[in-house]
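Chain by chain, the residues run as shown.
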Amino acid sequence: MKNLIAALALTLMPAAALAEEAAPPPKWSLAIHGGAGTLDPKAMTPERRAAYEAALQQALDAGAKVLAEGGSAMDAVKAAIIPMEDSPLFNAGKGAVFTWEGTNELDASIMDGRDRSAGAVAGVKTVKNPILLADTVRTQSEHVFLMGAGAEAFAAEKGFAVTPPEYFATPARREALERLKAEKLSALDVDHKFGTVGAVALDQNGNMAAGTSTGGMTGKRWGRVGDAPVIGAGTYADNRACAVSATGWGEYFLRVGVAHEICARLRAANELKTVMADADDIDASVLTEEAQYIADAVMADVKGLGGDGGVILVTPEGHAIFSFNTTGMYRGRATSAGVREVAIFGGEEKASATPDH
Ligand code: GLY
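Computed from a predicted structure; not experimentally measured.

Overview of the sheet that holds strand 8 (residues 235-238)
Here's step 1: An order of 8-9-10-11 is seen for the four strands of this open sheet, with the pairing classed as antiparallel. Two strands lie at the open edges of the sheet, namely strand 8 and strand 11 (320-324), each paired on one side alone. Across the sheet, the axes of successive neighbouring strands diverge by a mean angle of 10 degrees, strand direction being ignored.
Here's step 2: Sheet analysis places strand 9 (residues 242-248) next to strand 10 (residues 309-314), joined by six bridges and oriented antiparallel. Counted as the bridge partner of Gly248 is Gly309 from strand 10.
Here's step 3: Relative to the sheet, helix 10 (residues 258-280) contacts strand 8, strand 9 and strand 10, its axis offset from that of strand 9 by approximately 150 degrees.
Here's step 4: Set on the sheet, helix 11 (residues 288-305) makes contact with strand 10 and strand 11; between it and strand 11 the angle comes to about 25 degrees.

Shown next as structure tokens:
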């Protein structure tokens, strides 16, 4: 409650800032992530860094192309996530971490900010691109969330090919599970970063969407499900507020309801500013600093409980924002205003995604 009041108070403060001349907002905006965590620049070889940057760039370019050509935010989110699910570098699709039992169990969710329709799957083992299955749940079922064998039966009914489990398995992830067991380590010790992938987009029609896909955490047991497939925790989109995708220690993101919490605070800020703007004949748009403040405040709440990770979000004004309480987050953003960048460690961005907002 205190944070909500602080966020609302912030919206009351920048009356002077609101009077500033602002450049037209970007027509479209996109942000992606490939996981956050304890990343040490010294521990990363130039080759490995180049491989991650190239994979992030490929995902960013795929989503940006859809938006630049007038495609929908939903299509852009899927276009950006699929290459990351297909890359062994990220903990989603191929390259997913192993469960305690030595399987790869995949979770994904997607949400359309136009009507808040949503689809999610958890614990699927034979679907190459879980984000596409989540979207099929959204569009071709009367449900939001399907799990395990039931989700796979639904996939088969909808014509998804059965991908052999060996496709998802990579030696590095298997070695991480073996080390976790042999040395009695936690997932955090072996994963170092949460390689969940996600994308958020604002399209030229002002619609927003968010999607997230993950293998979860190494050594997960008993059907454990994290935040990524949970609407409101790992993913949320609402045209009135923002689109959010999260990466991090899922249990904490679930407890905070991170993605919905950020959108709810932004919506409250938006509504308050609209009332004020009507009264004073001023611009009601939410400023970059305000959206950043709200995302940072929610991530601080996660940190306060003991969790770490990060979020990406876009707003109706076209702000493309990152917030993470870890040393790094694999990330990228692109806008119609010419921003096109990928980054890994903290503070690497060259420019604000919306310099005048
Ligand atoms: N954030 C992904 C997970 O905890 O499963």
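Still more ground to cover, so stick around.
Things to note about helix 5 (residues 130-140)
Here's step 1: Extensive coverage of helix 5 is indicated by the burial of eight of its 11 residues.
Here's step 2: Of the surrounding secondary structure, the elements contacted by the buried residues of helix 5 are helix 4 (73-86), strand 2 (106-112), strand 3 (117-124), strand 4 (145-147), helix 6 (148-157) and strand 7 (208-214).

Focus on the packing of helix 4 against helix 5
Here's step 1: In contact at an axis separation of 9 Å, helix 4 and helix 5 are set at 150 degrees when each is read in the N-to-C sense. Relative to helix 5, helix 4 is oriented roughly antiparallel. Of the residues in helix 5, those in contact with Met74, Lys78, Ile81, Ile82 and Glu85 of helix 4 are Pro130, Ile131, Leu132, Asp135 and Arg138.
Here's step 2: Of the residues assigned to the contact of helix 4 with helix 5, the class counts are six nonpolar, no polar and four charged.

Brief notes about the environment of Gly150
Here's step 1: With respect to the helices and strands, the residue Gly150 is situated in helix 6.
Here's step 2: Sequence spacing of Gly150 and Val124 is 26 residues, and the spatial spacing of their C-alpha atoms is 9.0 Å.

Remarks on the site of the ligand
Here's step 1: Every residue close to the ligand is listed here: Thr196, Thr214, Gly216, Met217, Arg224, Gly226, Asp227, Gly248 and Gly250.
Here's step 2: Arg224 places a side-chain nitrogen or oxygen 2.7 Å from an oxygen atom of the ligand.
Here's step 3: One nitrogen or oxygen atom from the side chain of Asp227 is found 2.6 Å from a nitrogen atom belonging to the ligand.
Here's step 4: Calculation on the ligand without its partners gives an accessible area of 200 Å², and the protein chains cover 100% of this total.
Here's step 5: Counted by class, the shell around the ligand contains one nonpolar, six polar and two charged residues.

So, the pattern of salt bridges
Here's step 1: Under the counting rule described, the total for this entry stands at 18 salt bridges.
Here's step 2: Glu69 is paired through a salt bridge with Lys65; the nearest N and O atoms lie 3.1 Å apart. Judged on exposure class, the residue Glu69 and its partner Lys65 are both exposed.
Here's step 3: A salt bridge links Lys273 to Glu290; the nearest nitrogen and oxygen atoms lie 2.7 Å apart. Of the two residues, Lys273 sits in helix 10 while Glu290 sits in helix 11, which places them 17 residues apart along the sequence.
Here's step 4: Through salt bridges with shared partners, a single ionic network connects Asp75, Lys78, Asp112, Arg114, Asp135 and Arg138.

How each quantity is defined
Residues numbered from 1 in each chain as written. Predicted model: local features only at pLDDT ≥ 70, side-chain atom pairs only at ≥ 80, totals over all residues. Heavy atoms only, no water. Pairing = 2+ DSSP bridges. Helix = DSSP H or I, 4+ residues; strand = E, 2+ residues; numbered from the N terminus. Axes fitted to C-alpha atoms, helices over the stretch in contact; angles between N-to-C directions. Contact = heavy atoms within 4.5 Å. Buried < 20%, exposed > 50% of the residue type's maximum accessible area, 1.4 Å probe, protein only. Parallel < 35°, antiparallel > 145°, perpendicular 65-115°, else oblique. Nonpolar A, V, L, I, M, F, W, Y, C, P; charged D, E, K, R; others polar. Near = heavy atom within 4 Å. Polar contact = N/O pair within 3.5 Å; in protein donor to acceptor, adjacent residues only side chain to side chain. Areas by Shrake-Rupley, 256 points an atom, 1.4 Å probe, with all protein chains shown as cover. Salt bridge = Lys/Arg side-chain N within 4 Å of Asp/Glu carboxyl O.

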